[in-house]
Structures are given as C-alpha cells and as structure tokens.
Amino acid sequence: MAETIQSLDQLAALKPAAPEAPKYIQKLDKQGRAYATGKRKDAVARVWIKPGAGRIVINDRTIETYFARPVLRMLIQQPLDKANRKGQYDVTCTVSGGGLSGQAGAVRHGLSKALTNFEPDLRSVLKREGFLTRDSRVVERKKYGKAKARRSFQFSKR
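All figures in this text were calculated on a predicted structure; none of them were measured in a lab. (Residues numbered from 1 in each chain as written. Predicted model: local features only at pLDDT ≥ 70, side-chain atom pairs only at ≥ 80, totals over all residues. Heavy atoms only, no water.)

Draft legend 1. Quick peek at helix α3 (residues 70–82). The terminal C-alpha atoms of α3, which comprises 13 residues, lie 18 Å apart, in line with the 18 Å expected from a rise of 1.5 Å per residue. Maximum bend of α3: about 40°, positioned at I76, with proline P79 one to four residues after it. Burial in α3 covers these residues: L72, I76, P79 and L80. Tucked into the core, α3 has its buried residues touching β3 (56–58), α2 (63–66), β5 (89–96), α4 (100–118) and α5 (123–129). Looking one or two places after α3, you find N84, whose phi comes out positive at around 55°. (Helix = DSSP H or I, 4+ residues; strand = E, 2+ residues; numbered from the N terminus. Expected span 1.5 Å × (residues − 1). Bend = angle between axes of the 7 residues up to and from the residue. Buried < 20%, exposed > 50% of the residue type's maximum accessible area, 1.4 Å probe, protein only. Contact = heavy atoms within 4.5 Å.)

Draft legend 2. Spotlight on the nonpolar core. Of all hydrophobic cores here, the largest spans 30 residues; its most connected members are V47, I49, I58 and F67. Going through the elements one at a time, β1 (34–40), β2 (43–51), β3, α2, α3, β5 and α4 are the ones with two or more residues in this core. The element best represented in this core is α4, accounting for 7 residues. Beyond its immediate stretch of four places on either side in the chain, I58 contacts I63, Y66, F67, I76, C93 and V95. (Core = buried A, V, L, I, M, F, W, Y, C linked by side-chain atoms within 4.5 Å.)

Keep in mind these numbers describe shape, not what the thing actually does.
This is the structure we're talking about:
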C-alpha cells in the first residue's frame, strides 16, 4: 500500500515534475519555403515565405497593386515589423473569398504562422502581439422574418 506522509517536505518530494514546454521545429518544403494558411471572415490565404529581398506578391500581383489602401499594406507587414524581419523574406500568397479587409487580415494571419514555421523562436513575439490567433468573428446569418440578421422590417400601423 502507499506510504504515509509525516511532513510537508515529504509531500513536496512526491509532486511530479512539471511538464516541459513543447519544442517547435522548423517546417520547410523541398524548395526551402515555409507554408501556412491564414483565415479572416470569409477570406482564406495560402502563404509561402522564403529568404529573399522582401518582395510581397499576392495573386501574381505586387502588394501595391492588390492592396491599394496603405492601411491594408501596413496591416500585412505588421508581423515582419514586430519580428524585425522586414526585407528579409519573399512572400508569395494566394487569397480567395471575402473583401479586401478580410483578405488583408487572412494574409497577416498566414504570414505570422509561416514565420513561426520558418523561425520557431519568433513564436513568443508574434503570440504576444496576437498575430497567431484566428479572429473568429464572422457575419451573423440572416433570420427568417427579419430584413437582415437582427433588423426588423419597418413597422406601419396602416
């Protein structure tokens, strides 16, 4: 049967060792690229990164032509800025679904995940900024008897 414990010191000795933090490893394909999928609203982005001059290509177009608004370009480059890796990686993306804002968020999410696959040490920096968390907010569905998800039709006494 189990031994009886006489003091608190003996109790501490019975405590199991704390589990180690998981070790993240580098995940690269045969061309030396890291891949990840990012999502936001209805948009899905497939992102590949490899060491390079810092070119960002989205759906075979440059970032300046695909995302004309400077706010969306800044949103995409946030993970590279926070990780101090601006101009060190070539980024290639294919994006589908949603609007431009959702697509920019999906590219940012995918780029953050791809950076952690290429350099696992960056995970803590990107996780602290919230770039690795999928924004789960999506459009609420339309209900029957309503004009939209919650908006009622205009009331008239007549």
